[in-house]
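Below are the chains, spelled out letter by letter.
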Amino acid sequence: MMGLTRRQLLAGTAAASAALTPFAATPVRAAAPVAGKQVPSFYRYKVGELECTSISDGARTFPMPDGFVRNVAKEQALAAAEAAYMPKGMVTVPFNPQVINTGSKLVLIDTGFGPTPNAPIGLLTTNMAAAGIDPKAIDIVVVSHLHPDHTNGIKGPDGALVFPNAEIKVPAVDWAFWMSDENMAKAPNKMMQDYFANTRKVYAGLMDKVTKYEWGKEVAPGITAIDAAGHTPGHTAFAVASGNARVLVQSDVTNIPELFLRNPDWHVAFDIDPQKAVETRRKFYDMAAAEKALVVGFHFTFPSIGYVEKDGSGYRLVPIAWNPVL
Amino acid sequence: MTEVTRRALLTGAAAAATLPLATGLPAEAAAPPAGAQAPGWYRYKVGSFEVTVVTDGMGRFKVPDNFVGNVSKEELGKALTAAYLPADSMATPYNPIVVNTGSKLVLIDTGTGEAAYAQSKGATGQLMTNLAAAGIDAKAIDAVIISHYHGDHVNGLLKADNSLAFPNAEILVPAAEHKFWMDDGEMSRAPAGRMEGLFKNNRRVFAGEVMKRLRTYEEGKEVVPGITAVGTHGHSAGHNSHIVASGSSKLYVQADVTHVPFLFVRNPGWHAMYDQDPAMAEATRRKVYDMLVAEKMLVQGFHYPFPSHAYVEKSGSGYREIPVPWNPTI
């Protein structure tokens, strides 16, 4: 009887009582066991000839830290989260890298956190495998900016490259900012100090191997880098286009839409130049709304694709209807 | 300088026309496109119950003239455009669910049927393939609960070869609904066209092996432990919704109290051509949605976009659904 748990005892009790009625007209039987497993979170969509796959790296739900929204009272930020049905006192942030098959290149935009023990994040490679995408087949990794949730996934826990055959492309302006010793010395707080340290750790051994890309140019066939500075100095959005079809990959022009699209003037703690980030956000979304552009948001709820409409002094995200066929 | 300009946003299309980047590498093809959508299922918990939404697909069709009986074609066109659809096109998703109550594995509604898969070239009739993808054995389903006798809810009881899709399941149907469609007098009075077709289809489906496993259930009572039937008549004579309850958690499985939310949740006064008694359907709709709003109860909508799980809020003269954020883990 060693190691018999309360659960086993209770299970045993149930089994015994079921076994007492073996000759009942309809046999008592338990349902199939609960699966306890979520569907692999990937979703495919076409942009003209391009096949895109939105792949979840996971989502974190955590107590909203003080200063999460810098320029409004915490109660106001919490009220907005609660109005969006987030658990009381908490905030949920999802992470959604994109894979784009241009026909000539298999491109990954942003990488997620990389494997993260005991956390519901770092799921990119697991979900990629479910989507039938081999990390070795990725030709180009494009990083929108050098924050950990966008760049750390380029390396595994052993420090080896996760996408060993990929050219790694980083925004030239962001690279210059984060790799400047002078900037690092001036880092105003712990968060920024950590980000500087993280960037150097992740890119150790890769300093001469990354390709720096410029705004206004293609980073891969059909994928053009757009200056969306503010969130970080070199923060980049992308226009993905084929034929007449086009989507905008907004990266972090807004953090979670429930707070920062509804309230575009709110400053998320991660915006390095909040004023410029607001300016970028409003310009980007005024245009996206006017043009009814389809927008992909790294921090939108999976599959993280939607239209954006003006709503009062802010905007509202209208998620696309899931298409059960490609 | 921030340079999010109109030109920058438009530039993608033009740039795409230019030659690929000169990389110095020989031109090579990327990995081949996958050409297939992700499996269409999604899980969440209601108390200790496990709910799996299993999509049957999405039907796309030109909007017929009388699609919304009490609204002009122009007004309908505007609402479709506002939902980012062409003004004359509909996209209707079909989303059955499986509830594992711990003691029973229960399917609520069955989709358009396996035969529809070939007819629609895979657009609908996906239930069996998506069930398999979710690791759910059709033979393990203990009970099938039917909300009402429309083809997109009952046809999936049968496979393409007309054998039982869920051979070990009891088939649980609303008593009032069954009575209506099996009544020869009602059938003889059915107007030609859609209603006549529905009677014929129901006599086809509810025959043979299906009838041997059929048991009617009463409104206001538990159909199986943890799942209670609620009479929500109007859409059809004996239309039922279901409340799934476990511990302190509740889910309102509305079936067709509304058809697609972007038309009929926004505009509860609109009468879809599928509503048998439009005035009663509207009264039911408003009562149910006022209750969902007041109770902040989660709704599972058969014709909501997958995974069709949402909160409901008042919005103007109607309501608005707020999809529950996708949870990448369970």
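Residues numbered from 1 in each chain as written. Chains lettered and ligands numbered in written order. Predicted model: local features only at pLDDT ≥ 70, side-chain atom pairs only at ≥ 80, totals over all residues.

For chain A, the count of helices and strands is 9 helices and 16 strands. Considered along the principal axes of its C-alpha atoms, chain A spans approximately 75 × 45 × 45 Å. Looking at chain A residue by residue over its 326 residues, the buried ones come to 49%. The long-range fraction of contacts in chain A, counting pairs at least 24 apart against all pairs at least 6 apart in sequence, stands at 66%. (Helix = DSSP H or I, 4+ residues; strand = E, 2+ residues; numbered from the N terminus. Buried ≥ 20, exposed ≤ 12 C-beta atoms within 10 Å, placed from the backbone. Contact = placed C-beta atoms within 7 Å.)

Residue and element names in this part refer to chain B. Across the sheet, 7 strands lie side by side as β1-β2-β5-β6-β7-β8-β9; this open sheet has mixed pairing. Where the open sheet ends on each side, the last strands, each with one partner, are β1 (41-46) and β9 (214-217). Between one strand axis and the next, the sheet turns by 25° as a mean value, whatever way the strands run. Strand direction decides the pairing type here: strand β6 (residues 105-108) and strand β7 (residues 143-145), joined by 3 bridges, are parallel. Within β7, the position partnered with Val106 by the bridge is Ala143. Lying over the sheet, helix α6 (residues 175-182) contacts β8 (170-174) and β9, oriented at roughly 85° with respect to β8. (Pairing = 2+ DSSP bridges. Axes fitted to C-alpha atoms, helices over the stretch in contact; angles between N-to-C directions.)

Residue and element names in this part refer to chain B. Side chains Leu298 and Gln300 project from strand β14 (residues 298-301) onto one buried face, and the interleaved Val299 and Gly301 project onto a second face that is buried too. When strand β13 (residues 249-255) meets β14, the two strands line up parallel, connected through 4 bridges. Pairing of Leu251 across the sheet is with Leu298, part of β14. In terms of strand pairing, β14 meets strand β15 (residues 309-315) through 2 bridges, oriented antiparallel. Each residue of the ladder has a partner; that of Gln300, found in β15, is His309.

Bringing the nonpolar core into the picture now. By size, the foremost hydrophobic cluster in this structure holds 86 residues, and its most contacted members are A:Val107, A:Val141, A:Phe238 and A:Val240. A total of 5 residues in this core trace back to one element, the largest contributor, which is strand β12 (residues 236-242) of chain A. The next biggest cluster of nonpolar side chains, apart from the first, holds 76 residues, and it includes B:Val46, B:Leu105, B:Val224 and B:Ile227. (Core = buried A, V, L, I, M, F, W, Y, C linked by C-beta atoms within 7 Å.)

A word on the interface of chain B and chain A. Contacts between the two partners involve 59 residues from chain B and, on the opposite side, 64 residues from chain A. At the level of elements, α1 (6-17), β1, β3 (57-62), β4 (89-94) and β16 (318-323) of chain B are the ones that each hand at least two residues to the side of chain B that touches chain A. Across the side of chain B that touches chain A, the residue classes break down as 35 nonpolar, 17 polar and 7 charged. (Nonpolar A, V, L, I, M, F, W, Y, C, P; charged D, E, K, R; others polar.)

Below, the discussion takes up the environment of B:Val257. All names here are of chain B. Relative to the assigned elements, Val257 resides in the loop between β13 and α10 (261-264). Given 29 C-beta atoms within a 10 Å radius, Val257 is considered buried. Along the backbone, Val257 and Thr232 are 25 residues apart, and their C-alpha atoms lie at a distance of 7.0 Å. Beyond its immediate sequence surroundings of up to four residues, Val257 is in contact with Thr232, His235, Ser241, Thr284, Arg285 and Val288.

Take the sheet that holds strand β2 (residues 50-55) of chain A next. Residue and element names in this part refer to chain A. Spatial strand order, β1-β2-β5-β6-β7-β8-β9: 7 strands in an open sheet with mixed pairing. Bordering the open sheet on either side are β1 (42-47) and β9 (211-213), each of which pairs with just one other strand. Between one strand axis and the next, the sheet turns by 25° as a mean value, whatever way the strands run. Inspection of the sheet shows strand β8 (residues 167-171) paired to β9 by 3 bridges, in the parallel sense. Within β9, the residue paired with Lys169 across the bridge is Thr211.

These figures capture arrangement, not role.
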